[in-house]
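If you want the building blocks of each chain, they are given just below.
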Amino acid sequence: MISRWHSVALWKRVLLGLALGFGIGLALRYVLPLPAVVVTEGAGHLEIPGAEYIGQYWIYPIGQTFVRLIKMLIVPLVFTTLVSGVTAMGDPKRLGILGLKTLGLYIATTFFAVVLGLTMGTIVSPGKGVDYQSASSASTDAIESQMEPTSTSAGLARRLIEIIPENPVQSLADGEILAIIFFSILVGIAILLAGDAAEPVRVFFDSASAVVLKLTSLVMELAPFGVAALMAWVMSTKGVGILTSLLWLTLALYVSCLLQITLIYGLAIVRGAMGLPLKRFFKGIADAQGIAFSTASSSATLPVSITCAETNLGVKKSVAGSVLPLGATINMDGTAIYLGLVALFAAQACGVTVTSDKYVMVALLATFASIGAAGIPSAGLLLSATVIQVVGIPADQSVLVIAFIFPFDRLLDMMRTLTNVTGDLAVTCAVAKWEGALDEELFRKE
Ligand code: ASP
């Protein structure tokens, strides 16, 4: 029984987990007659529907166990893979070229994403006739407490400086990915420059990265159960209420993301620029997509993306270990699509006309905000305040619009995260191919 389970490809098991979780969640919410449960929170008592109780108190902890297990791998994996990737590259000069190609492609894909989001938002008009004033006061409070003041250029300069870790051990402990990338690259370069004297350290990092990669594949054996629990949690606590209040926004986002994935990543990059088979690409990244969709976090998906790129697509460590962590931090095309859509949604709901100069402003801000967004759940929703204000909606109303989306944002977040991760992987393959760091035989292998 167990060996039969393991003989099925992991991505198929993950998809099965997603489907089962979806079904279980909906059955709990709509089919089974579960009695409401009274829980004590603080000094008061709260009556919550049975399905939400089971979802929140029983199923969610199972999903979180899995999420914590993969998050546990992020820092060790990025650090060891990146150091050993840089040393495997052999020549520090190649890093600069690799970095430029990576940044260029990341920016290009984000540009298409923003245009797609704004076009779709104009055609579909998801905010027309939406009564956002009905946002619940609980959501408004939650949003107000989480919203950060909008970032300024001074904030950007500070963030750039903070890429240099004052204390690398602290950055590793705090999981600051950009600082870790910076430090790891420098350590890799220093190992190369030190030559023979650094040989034991080079071998150590090689071996350490193999160990962490193995650990990732062990944790991934739990993925089907983890994603099932996460899906069941979302569906049992949120249901499909999104279909009544945010139907058009949801449709516009899902369709735009699917277009971005098939046209830009699939046809333009994988097939067009690289001349590689689409089916193999999508099969190879299915695990990462499943995890992205169920966790709604690019960062949490990172260990899985790195494993997929190396073991299924044949991307060399030097590229997978550098391009993917950077992508999980700065390349968020699904989020960029979403930000453009939400800006137009808000304008339409508030009856504000969006002039062409505001379109340009939204496009620019959506690009920067998507670069600045953290790869964690709901990051995009909180950042949408910036783009909503740019179209000319006062702060207090923008809080209402965001609070209106808030209860259902998870279902939107899942799709944008899937898109973000797919974009990172497509760009990684392209950079690997251009750098001669792609094992095409492995990529094409059935
Ligand atoms: N959750 C997304 C991610 O991790 C970011 C977002 O909220 O848009 O990629």
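Conventions adopted
Residues numbered from 1 in each chain as written. Predicted model: local features only at pLDDT ≥ 70, side-chain atom pairs only at ≥ 80, totals over all residues. Heavy atoms only, no water. Helix = DSSP H or I, 4+ residues; strand = E, 2+ residues; numbered from the N terminus. Rg over C-alpha atoms; globule rule 2.2 N^0.38 Å. Buried < 20%, exposed > 50% of the residue type's maximum accessible area, 1.4 Å probe, protein only. Contact = heavy atoms within 4.5 Å. Areas by Shrake-Rupley, 256 points an atom, 1.4 Å probe, with all protein chains shown as cover. 1 Å grid on protein atoms, 1.4 Å probe; cavity = no way out; pocket = protein on both sides within 12 Å on 5 of 7 lines; lining within 4 Å. Points joined across faces, edges and corners; volume = space filled by probe spheres on them. Nonpolar A, V, L, I, M, F, W, Y, C, P; charged D, E, K, R; others polar. Patch = residues over 30% accessible without salt bridge, like charges linked within 9 Å, V, L, I, M, F, W, Y side chains within 5 Å. Salt bridge = Lys/Arg side-chain N within 4 Å of Asp/Glu carboxyl O. Expected span 1.5 Å × (residues − 1). Bend = angle between axes of the 7 residues up to and from the residue. Near = heavy atom within 4 Å. Polar contact = N/O pair within 3.5 Å; in protein donor to acceptor, adjacent residues only side chain to side chain. Sits in = over half its atoms within 2 Å of the grid points. Core = buried A, V, L, I, M, F, W, Y, C linked by side-chain atoms within 4.5 Å. Disulfide = S-S within 2.5 Å. Pairing = 2+ DSSP bridges. Phe/Tyr/Trp six-rings, centres within 6.5 Å; stacked < 30°, edge-to-face > 60°. Lys NZ or Arg CZ within 6 Å of the ring centre and 35° of its normal.

### A word on the overall build of the protein
Working step 1: If you tally the helices and strands in the protein, you get 21 helices and two strands.
Working step 2: Rg of the C-alpha trace for the protein: 22 Å, near the compact-globule value of 22 Å for 446 residues, within the 12% margin.
Working step 3: Its C-alpha atoms give the protein principal-axis dimensions of roughly 65 × 60 × 45 Å.
Working step 4: By the burial criterion, 51% of the 446 residues in the protein qualify as buried.
Working step 5: Pairs at least 24 residues apart make up 83% of the contacts formed inside the protein by residues separated by at least 6 positions.
Working step 6: Accessible area of the protein: about 19600 Å², with a carbon and sulfur share of 68%.

### A short note on the layout of surface pockets
One way to see where empty space is left: roll a probe the size of a water molecule over the atoms.
Working step 1: The space that makes up the second largest pocket amounts to roughly 700 Å³.
Working step 2: Along the walls of the second largest pocket sit 22 residues, with Gln56, Trp233, Lys238, Phe406 and Pro407 positioned nearest its centre.
Working step 3: Only strand S1 (37-41), strand S2 (44-48), helix H3 (50-89), helix H10 (223-238) and helix H20 (409-434) provide two or more residues apiece to the lining of the second largest pocket.
Working step 4: Residue composition of the lining of the second largest pocket, grouped by class: ten nonpolar, five polar and seven charged.

### A few points about a nonpolar patch on the surface
Working step 1: The grouping of Tyr30, Val31, Leu32, Leu34, Val240 and Leu243 at the surface amounts to a nonpolar patch, some 530 Å² of accessible area in total.
Working step 2: Structurally, tyrosine 30 is set in helix H2 (residues 10-31).
Working step 3: A relative accessible area of 47% places tyrosine 30 in the partly exposed class.

### Digging into helix H13 (residues 278-295)
Working step 1: In a regular helix each residue adds 1.5 Å, so 18 residues correspond to 26 Å; H13 covers 25 Å between its end C-alpha atoms and thus fits that length.
Working step 2: In the structure, H13 departs most strongly from a straight axis at alanine 286, where the bend amounts to approximately 50 degrees.
Working step 3: Most of H13 sits inside the fold, with 15 of its 18 residues counted as buried.
Working step 4: Looking one or two residues beyond H13, the residue adopting positive phi is alanine 296, at roughly 55 degrees.

### Structural notes on the environment of leucine 383
Working step 1: Checked against the element boundaries, leucine 383 lands in helix H18 (residues 379-390).
Working step 2: Each C-alpha atom of the pair leucine 383 and glycine 372 lies 9.0 Å from the other, and the pair is eleven residues apart in sequence.
Working step 3: Discounting residues that sit within four places of it in the chain, leucine 383 has contacts with Leu339, Ala369 and Ala373.

### So, the site of the ligand
Working step 1: Neighbouring the ligand are 16 residues; Ser298, Thr335, Gly380, Asp413 and Arg416 lie closest to it.
Working step 2: Separating an oxygen atom of the ligand from a side-chain N or O atom of serine 298 is a distance of 2.4 Å.
Working step 3: Contact between the ligand and threonine 335: an oxygen atom at 2.7 Å from a side-chain N or O atom of the residue.
Working step 4: Out of a free accessible area of 270 Å², the ligand has 100% covered by protein chains.
Working step 5: Cavity membership is defined here by more than half of the atoms lying within 2 Å of grid points; on that basis the ligand lies in the largest cavity.

### Let's talk about the nonpolar core
Working step 1: In this structure, Phe281, Val315 and Ile405 are the most contacted members of the largest nonpolar core, which totals 133 residues.
Working step 2: Ranked by residues supplied to this core, first place goes to H3 with 15 residues.
Working step 3: When near neighbours in sequence (up to four residues on either side) are disregarded, valine 315 contacts Ala309, Glu310, Ala320, Thr428, Cys429, Ala432, Ala437 and Leu438.

### Some remarks on the state of the cysteines
Working step 1: Evaluation of the coordinates by the stated rule reveals zero disulfides.
Working step 2: You can see cysteine 429 has no disulfide; the closest cysteine sulfur is in cysteine 308, sitting 10 Å from it.

### Describing empty space enclosed by the protein
Working step 1: Within this structure, the stated rule accounts for one cavity of 30 Å³ or more.
Working step 2: Estimated volume of the largest cavity: approximately 70 Å³.
Working step 3: A per-element tally of the lining of the largest cavity places H20 first, with four residues.
Working step 4: Looking at side-chain class alone, the lining of the largest cavity contains six nonpolar, seven polar and two charged residues.

### What about the pairing of S1?
Working step 1: Pairing between S1 and S2: five bridges, direction antiparallel. Following the sheet pairing, glutamate 41 is matched in S2 by glycine 44.
Working step 2: A loop of two residues connects S1 with S2, the two strands running antiparallel in sequence, and glycine 42 in this loop sits at a positive phi of about 60 degrees.

### Re the packing of aromatic side chains
Aromatic ring pairs are defined here through the distance separating the ring centres and the angle between the ring planes.
Working step 1: Evaluated as defined, the whole model comprises eight aromatic pairs.
Working step 2: For the ring pair phenylalanine 111 and phenylalanine 112, a centre distance of 5.8 Å and an interplane angle of 70 degrees mean the geometry is edge-to-face.
Working step 3: For phenylalanine 111, a relative accessible area of 53% translates into the label exposed.
Working step 4: Assessed through its relative accessible area of 43%, phenylalanine 112 is described here as partly exposed.
Working step 5: Pairwise contacts between aromatic rings join Phe79, Phe183, Phe204 and Phe205 into one cluster.
Working step 6: The ring of tryptophan 5 carries arginine 13 above its face, with NZ or CZ at 5.5 Å from the centroid.
Working step 7: It is arginine 416 that lies over the ring of tyrosine 338; its NZ or CZ is 3.9 Å from the centre.

Purely spatial values, then, with no claim about function.
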